[in-house]
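What the coordinates show
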4 protein chains.
Amino acid sequence: MGNFQMRTDLALEARESITEADSELRGVRVEEYYHEEEDIRVTKVMIDTKNAAKAMGKPMGIYVTMEAPAMVEPDEDYHREISARLAEEILELLPGADNEQSVLVVGLGNREVTADALGPQVVDNLFITRHIVKEYGTAAYNCRKMNQISALEPGVMAKTGMETAEIVKGVVEQTSPDVLIVIDALAARSTKRLNRTIQITNTGIQPGSGVGNHRNALTRESLGVPVIAIGIPTVVDAATIVGDALEKLLEEEEGLENVRYREKQLRFAELNNMYMTGKDIDAVIKRVSYTVSEGINIAIGETFLENCPQNTEYDPA
Amino acid sequence: MGNFQMRTDLALEARESITEADSELRGVRVEEYYHEEEDIRVTKVMIDTKNAAKAMGKPMGIYVTMEAPAMVEPDEDYHREISARLAEEILELLPGADNEQSVLVVGLGNREVTADALGPQVVDNLFITRHIVKEYGTAAYNCRKMNQISALEPGVMAKTGMETAEIVKGVVEQTSPDVLIVIDALAARSTKRLNRTIQITNTGIQPGSGVGNHRNALTRESLGVPVIAIGIPTVVDAATIVGDALEKLLEEEEGLENVRYREKQLRFAELNNMYMTGKDIDAVIKRVSYTVSEGINIAIGETFLENCPQNTEYDPA
Amino acid sequence: MGNFQMRTDLALEARESITEADSELRGVRVEEYYHEEEDIRVTKVMIDTKNAAKAMGKPMGIYVTMEAPAMVEPDEDYHREISARLAEEILELLPGADNEQSVLVVGLGNREVTADALGPQVVDNLFITRHIVKEYGTAAYNCRKMNQISALEPGVMAKTGMETAEIVKGVVEQTSPDVLIVIDALAARSTKRLNRTIQITNTGIQPGSGVGNHRNALTRESLGVPVIAIGIPTVVDAATIVGDALEKLLEEEEGLENVRYREKQLRFAELNNMYMTGKDIDAVIKRVSYTVSEGINIAIGETFLENCPQNTEYDPA
Amino acid sequence: MGNFQMRTDLALEARESITEADSELRGVRVEEYYHEEEDIRVTKVMIDTKNAAKAMGKPMGIYVTMEAPAMVEPDEDYHREISARLAEEILELLPGADNEQSVLVVGLGNREVTADALGPQVVDNLFITRHIVKEYGTAAYNCRKMNQISALEPGVMAKTGMETAEIVKGVVEQTSPDVLIVIDALAARSTKRLNRTIQITNTGIQPGSGVGNHRNALTRESLGVPVIAIGIPTVVDAATIVGDALEKLLEEEEGLENVRYREKQLRFAELNNMYMTGKDIDAVIKRVSYTVSEGINIAIGETFLENCPQNTEYDPA
C-alpha cells in the first residue's frame, strides 16, 4: 500500500512502506541485531545508490535505528545501559574517532514547546570542555588526550528571524569543529515508535524534517564538516495519523478513491501545522534527553579515558 | 448524525451536536450578540433543567462563549479590548460583585506541557493584592474599597501525588475566599475554535475535563463557594479528530457500521492519551494568557477604582 | 566578639558564635563524626533546654549538619554517596520510620529566583507514589509494604497573596500525611559553607528563615504533624557579609563604636532585601537539588524494598 | 578618594569617581537633561580623547544614562513612556537610521541565573521580522519601507564551550546585519542605581564587563559593524560593596592603610565570583526586560510607520 505520502523522519518507517511493495530494493542493505540484556533492537539501513535514495525519499548514507522500549519508563540512572549502546553507535559513525576531535553538538528545536525541546534539553546536560581545554589544555582534566565538546542552541526561526543553518554555519566557520552532532525531535508515522526509538545517521539534517520543520539542510555538503544527526520521534504529524487511520479502516471499503481525494483536501486545510503528542510528553522528554546526552558524554567525553591516569571518570554536570 | 461520543469541553460545541437533531431542546436557552468593533461573537447557553443538562452532557448553569478571532494574532497590548469584554462577562457571572470580595484564582494544568500551561501562565500575570490588604489595609493602594486577589497553581497529580481538588479544598478552607475563578486549558472538537474562544461558566470544573483530565470536581457543591471557570480550547483530542475526519469522509460511503466498530478499537488502543495542537502553541499560550489575566485584573482589580481617589489606575506586575 | 546580630539559618554557625564566648553552654550537646570515604563531616547539635534555645536563637530539637565539600562539584551520579548518607540522617529523625507512612514533601521558595529555587527543584525530582498507591495499592509497584510520597510547591507570598503556612496547613488537613519534609534554601553567615552544607532538623521551619524569609512557622505545633526541615545555604545576607568584613578588619582599630553605629544605619538602608550569591548558582542548584531529592527518594521510597520481591529498585522519574 | 579599584560597568559612576579628584577632565564632555513628565534624568558622557578614555577606564564614545526611578515599579504597560524615551536615545546613536536597516539584537547573559537573564528576556519580547521580510518582502506587513529585526541568544561560555564573541562573529558574517544592538545585565557600584538605570552606548561591549564577565569584546573593531550596547545594572559586585562600605565608614578613621591592605586580600579570597542582588529580582527583570524590548521595537520596528499605509501599528508578539 503506502499510496498516501506519509510524513516520517524515520528511515525505518520509510523502508517499511517500501518493502511491502518491493522487498528486494537494490541499493538498500539492512542489518539487524538485538541486544538481549538491554532489550534494544538495532536496525541499520544503508542506502548505497542514488536510485535507492530516491525510492526511499532519504539521502544516501547510514541510518541506525535503536528501538528501546524501556526508554519511556522511569529509571534512576536514566537508562545508562541505553546510553552506552548509543555511544557505540555514535562512535561507529564518527569519522576519525581514533584521534582527538573537537565536537560541536547542536540542539535544534524550541525549548518552549515541550515536544520540540529535545535538542535544547540534550544540550543542557552535556559535559562541555572546549573552553577549558582551549585555555588550560587537557591537563586541566588530568588527561594526556581528550576530545573537546562545545554546544549550541540556535533557537527557531520565529524567534531569531534567521535560518538555523545560517547560525550553525557561522559558528562552524568561527570555531572550526571537526564534526557536528545535531539533535532534533522527529515526526514518526506510527504512535508506537514515539519516544522509544533513537535514529542516528551520518546524513545530517534534511530540509523539512524535525518537529520544527527546519527549512535548510545541515549536512556535510552545506557545512563542510561531517554531520551526525541523532533524533527521537516525539510527535506524529496530525495529517499523517488521520491518513493512516483512514487507510487502515478503508482497506476493504469501496469508494476508496473518492475518500482519498477528500482526505487530501482535509490535510491541507485543517490539520496543517498541527501535531499529535502524548499527555506526559514533559516527563518523557526530560528522561530521554538525559539518555541521549549521556550517550554523547560517553562517546565523546570518555573515549580517551585511559589517557587520564589520575581521573577514572569524567564528571558531566 | 453525531453517533460517536466526541469529547469537547465547550458547551457551544455540545449544543451544536444537539441542535442538529433537535433544534428546540427544552430547558436550553441561547442568546447571541456581536461586538462589532472588537469582532467578538458572544453566545450564552443557559441550561435550566436537569433534562437539558442530561441531553447536553453538561451541568445546569450559564456558559458564555466569546469567539474572538483576533486573539491568536500578535498585539502590542495583548488585545486589551478583548480583556475588557471578558471582564464584563466575568462580572456578570460573579455573585455579589457589588461588594468587596476576596477572589482566589486557581491556575490548573501543567506548566511544563505547553498546551496545558494556560492556567499557570494566567496566574503569573495577575495583580496579587490579598497579602498587602491583609497586612496594611486597602489604604496601601490609596483605596477606600477594593477586592482582594490571591492565586494558586496546584500542579498536576503526576507531580504532586494529590488530587487538584484536595489541594484547592484545603487552601479554600484555610483562606476563605468569597469566590473562586478557575483557569484551565480545554479540549475542543473543532480545530477552528482553538485558541480563539474563551468559555466562561458558573458551573465550575467538571470531572474529566481540561487538557490534563482533572478527575475531581471543582464546583460550588464540592468547595462551598461559587466557582467561575474560564477556559480556552488549546488542543483537540486525537481520537476525536480522527473520528470527526472519518465521519465527514464516510457520510456517503457504505459499510459504515463496520468502520465505526473498528474506529472504536483504534481509539482506545493507539490514540488514547494523545492530543493534537498547533506548532506555534508556545507563542499562542503566552499571548492568550495575558489576555485572560488582564480580563481578571480588570474585573476584580479595577472594579472599585472610583474608591481610590489618588490612584487612577492599578499597576499589575 | 560577635556583637553584631548576624543572620544565619545554620545551627552550626549559631553555635560557633556562642562557644567563642561560653564554650560549655548547658543544654546544648554536640556530636561529631566523619565519613572518611565520602569526606562528609556530620555535626549534631542537640538543644535540650529552653535556656539553651534562647542562647542559640534556635528552638529546642536536633540539628544535623552534613558538610560535604564534594557537593559543589559536578558528578555523573549527582553524588549518590552523599544522598545515601543524607537518607540515613533523614531516617534517624523520622518518627515511626519502621511503619509505612505517607510523607508530604514541601518545596519552599521561588522557582524564578535561582538562589531560592532549591525547594521547587528538589520537588521536581521526587518519585511521587501517593496517587498510585491510593488508586491501585502497593501492588502497583509489586510491593507488600511501602511509603507514599506526595509533594507540594506552594509558591511565594508575592505571587500567591497567601502565607505559605496557610497553603501548607490546608493541604495537610485535606491529605493527612504522617509527616512533612520541608525543603528550603538557607542563608549562611560564611561564604565557605555555601552549597556544600546540608542541615536536617526536626524543628521544622521557623518564621523569618530561608532565602525568601517565610514569615509563618511550619512546625509540629502549627501543623499537627512532625516536620523535618532540610536546607542548604545558597546565599549570604548582604548586610551580614558587610558586617563580618568590617568586624574582621576593625578588630584592632580604634573608634570601633562609631563605626558600629554607622554600620547599623547602613544595613537598614542600602543592604536590606539584598543577598549575595555565586555566579555559577544555576549549575550548583541544579546539582545539589538532585542530591537532596535522591536522599529523600532513598529514605522514603526505598525503605521497604525487601517487601517488593519482584522489583529490586524503584525507578524515580 | 576613590583609590580602590571599584568595578562598575556604568560610565556615569566612573565619571563620578573621576570628577571628585579632577572636575574638569579634558576630553570628557557631559550633557544632562531631565524629562519632567516621565521623571527621567538623562546624562550623556562623551569621551573624546584617548587620554580621557584612559582616565575613565572606558573606551572613547558616547554613553547615555537614563535614570528612571519608576522603572522598578509595576506598571500595566511596562512603562511605555520610558520605552519611548529609550527609543529616541537608540535612534540618536544608530548610524544611518534614515535608511532601512537590518538590525541584529544579541541578548547576552544566562537565562538560568535571574540577575543575568536580562539579555535573553529582552530577546523573548522582540518583534522579529527579518525572516518574513526576506521571504515575502515588506509587503507582508503592508509597508513600503521597514527595518528588519533578527535576534540571537548566544548563551554563556560554561554552557557552550565557546566565547560569546565567536558565536556572534560567525552569525554576523553569515547574516550581514547593518548594525548590532547588544543587551546585557551590568554591575553597578551603588545599589541605588540597580534596575532603574539604562545605559546606552555606541562603544559596544568591552571585555570583562556584564554580570557574566564576557571575556571578549563585541565592538565595531572586532565585528566590523556598529555595535550599540544597552545595559541595566542588576547586581553589585560583592567585593565592591564591601569595599564601598569600608571606605565610607573609615574615612575618618586612622590606620586606613592597614585596613586597605587587608581588604584587598579579602576581596580575592572570599568574595570573588560572588554578586549581590535584590530579593525580588525575578519580578524586576521581567518588568525591565519588557521596557527595553519595547524600546527596541519602537526604535527599529516603528521607524518607517508612515510607509505602512494600511497598518497603523506593528504588533509585537
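**Overview of the side chain of A:K58**
Residue and element names in this part refer to chain A. Looking at the element boundaries, K58 is found in the loop between α2 (50-56) and β3 (61-67). As a buried residue without a salt bridge, K58 has its nearest oppositely charged side chain in D9, at a separation of 4.9 Å. In contact with K58, not counting residues within four places along its chain, are T8, D9, L10, A11, A14, I47, A53 and Y63.

**Side note on the environment of A:A55**
For A:A55, the position within the fold is in helix α2. The spatial distance from the C-alpha of A:A55 to the C-alpha of A:G27 is 9.9 Å, given a sequence separation of 28 residues.

**A few points about the pattern of salt bridges**
This model, assessed by the stated rule, comprises 52 salt bridges over all chains. In this structure, the salt-bridge partner of B:E38 is B:R85, at a minimum N-O distance of 2.9 Å. Of this pair, B:E38 sits in the loop between β1 (28-35) and β2 (40-47) while B:R85 sits in helix α3 (residues 80-93), and the two are 47 residues apart along the sequence. Take B:E38: its relative accessible area is 15%, and that puts it in the buried class. Here B:R193 makes a salt bridge to B:E67, at a shortest N to O gap of 3.5 Å. Highlighted residues: B:R193 in the loop between β6 (179-188) and β7 (197-201) and B:E67 in strand β3 (residues 61-67), separated in sequence by 126 residues. What you see here is one network of salt bridges that share partners, running through A:E13, A:E67 and A:R193.

**Overview of the packing of helix α7 (residues 164-175) of chain B against helix α7 (residues 164-175) of chain C**
One can describe the packing of α7(B) onto α7(C) by two numbers: an axis separation of 7 Å at closest approach and a directional angle of 120 degrees. Taken together, the axes of α7(B) and α7(C) are oblique relative to one another. Both α7(B) and α7(C) take part in a crossing whose hand is right-handed. Residues B:E166, B:I167, B:K169, B:G170, B:V171, B:E173, B:Q174 and B:T175 of α7(B) form the contact with α7(C), whose own contacting residues are C:E166, C:I167, C:K169, C:G170, C:V171, C:E173, C:Q174 and C:T175. In the contact of α7(B) with α7(C), the residues fall into four nonpolar, six polar and six charged.

**Some thoughts on the environment of C:L108**
With respect to the helices and strands, C:L108 occurs in the loop between β4 (102-107) and α4 (118-124). The spatial distance from the C-alpha of C:L108 to the C-alpha of C:V123 is 9.4 Å, given a sequence separation of 15 residues.

**A few points about α7(B)**
Residues and elements named next belong to chain B. Its twelve residues place the ends of α7 16 Å apart at the C-alpha level, agreeing with the 16 Å of an ideal helix rising 1.5 Å per residue. The element α7 is largely enclosed, with a buried count of nine among its twelve residues. Among the residues trailing α7, S176 stands out with phi positive, at a value near 45 degrees.

**Re the pairing of strand β5 (residues 148-152) of chain C**
All names here are of chain C. Taking burial as the measure, the five residues of β5 include five buried ones, the bulk of the element. Burial along β5 is two-sided: Q148, S150 and L152 and I149 and A151, pointing in opposite directions, are all buried. With five bridges connecting them, β4 and β5 associate as parallel partners. Residue pairing for β5: V106 is matched across the bridge by L152.

**Brief notes about the side chain of B:S289**
Mapped onto the fold, B:S289 is located in helix α11 (residues 281-301). Excluding its chain neighbours within four sequence positions, the residues that come into contact with B:S289 are B:L118, B:Q121 and B:V122.

**Some details on helix α11 (residues 281-301) of chain C**
Taking 1.5 Å of rise per residue, 21 residues should cover 30 Å, and α11(C) covers 29 Å from first to last C-alpha, within 8% of that figure. Of all the 21 residues making up α11(C), 19 are buried; the element is thus mostly covered by neighbouring parts of the structure.

**A word on the state of the cysteines**
All names here are of chain A. Counted under the stated rule, the structure contains four disulfides over all chains. For C143, the disulfide goes to C308, at an S-S distance of 2.0 Å. Disulfide C143-C308: the torsion about the S-S bond is 105 degrees, which places it as right-handed. In this pair, C143 is assigned in the loop between α5 (130-136) and β5 (148-152) and C308 in the segment after α11 (281-301), connecting sequence segments 165 residues apart. The same class applies to C143 as to C308, namely buried.

**A closer look at unusual backbone geometry**
Phi is positive for B:S176, which is not a glycine, with a value near 45 degrees. Tracing the chain through its elements places B:S176 in the loop between α7 and β6. With a phi close to 50 degrees, D:D39 is a non-glycine residue in the positive phi region. For D:D39, the location among the structural elements is in the loop between β1 (28-35) and β2 (40-47). Judged by relative accessible area, D:D39 falls into the partly exposed class, the value being 35%.

**So, the confidence of the model for chain A**
All names here are of chain A. Mean pLDDT over chain A stands at 84; residues scoring 70 or higher make up 82%. Long-range and interchain partners of residues 1-6, a stretch whose pLDDT sits below 50, account for 17 contacts in this model, where long-range means more than four residues apart. Reported for the predicted complex are a pTM of 0.89 and an ipTM of 0.88.

**Points about the packing of aromatic side chains**
Enumeration according to the criterion identifies six aromatic pairs over all chains in this entry. Seen from their ring centres, A:F127 and A:Y141 are 5.8 Å apart, and the 80 degrees between their planes marks the pair as edge-to-face. Here the residue A:F127 occupies a position in the loop between α4 (118-124) and α5, and A:Y141 occupies one in the loop between α5 and β5, the gap between them amounting to 14 residues. With a centroid separation of 6.2 Å and 65 degrees between ring planes, the pair formed by B:Y290 and D:Y290 is classed as edge-to-face. You can see B:Y290 sitting in helix α11 and its partner D:Y290 sitting in helix α11 (residues 281-301), one on each of two chains. An identical accessibility class is assigned to B:Y290 and D:Y290; each is buried.

So, how was this worked out
- Residues numbered from 1 in each chain as written.
- Chains lettered and ligands numbered in written order.
- Predicted model: local features only at pLDDT ≥ 70, side-chain atom pairs only at ≥ 80, totals over all residues.
- Heavy atoms only, no water.
- Helix = DSSP H or I, 4+ residues; strand = E, 2+ residues; numbered from the N terminus.
- Buried < 20%, exposed > 50% of the residue type's maximum accessible area, 1.4 Å probe, protein only.
- Lys, Arg positive; Asp, Glu negative; His and termini not counted.
- Salt bridge = Lys/Arg side-chain N within 4 Å of Asp/Glu carboxyl O.
- Contact = heavy atoms within 4.5 Å.
- Axes fitted to C-alpha atoms, helices over the stretch in contact; angles between N-to-C directions.
- Parallel < 35°, antiparallel > 145°, perpendicular 65-115°, else oblique.
- Left-handed = near helix turned anticlockwise from the far one by under 90°.
- Nonpolar A, V, L, I, M, F, W, Y, C, P; charged D, E, K, R; others polar.
- Expected span 1.5 Å × (residues − 1).
- Pairing = 2+ DSSP bridges.
- Disulfide = S-S within 2.5 Å.
- pLDDT = per-residue confidence, 0-100.
- Phe/Tyr/Trp six-rings, centres within 6.5 Å; stacked < 30°, edge-to-face > 60°.

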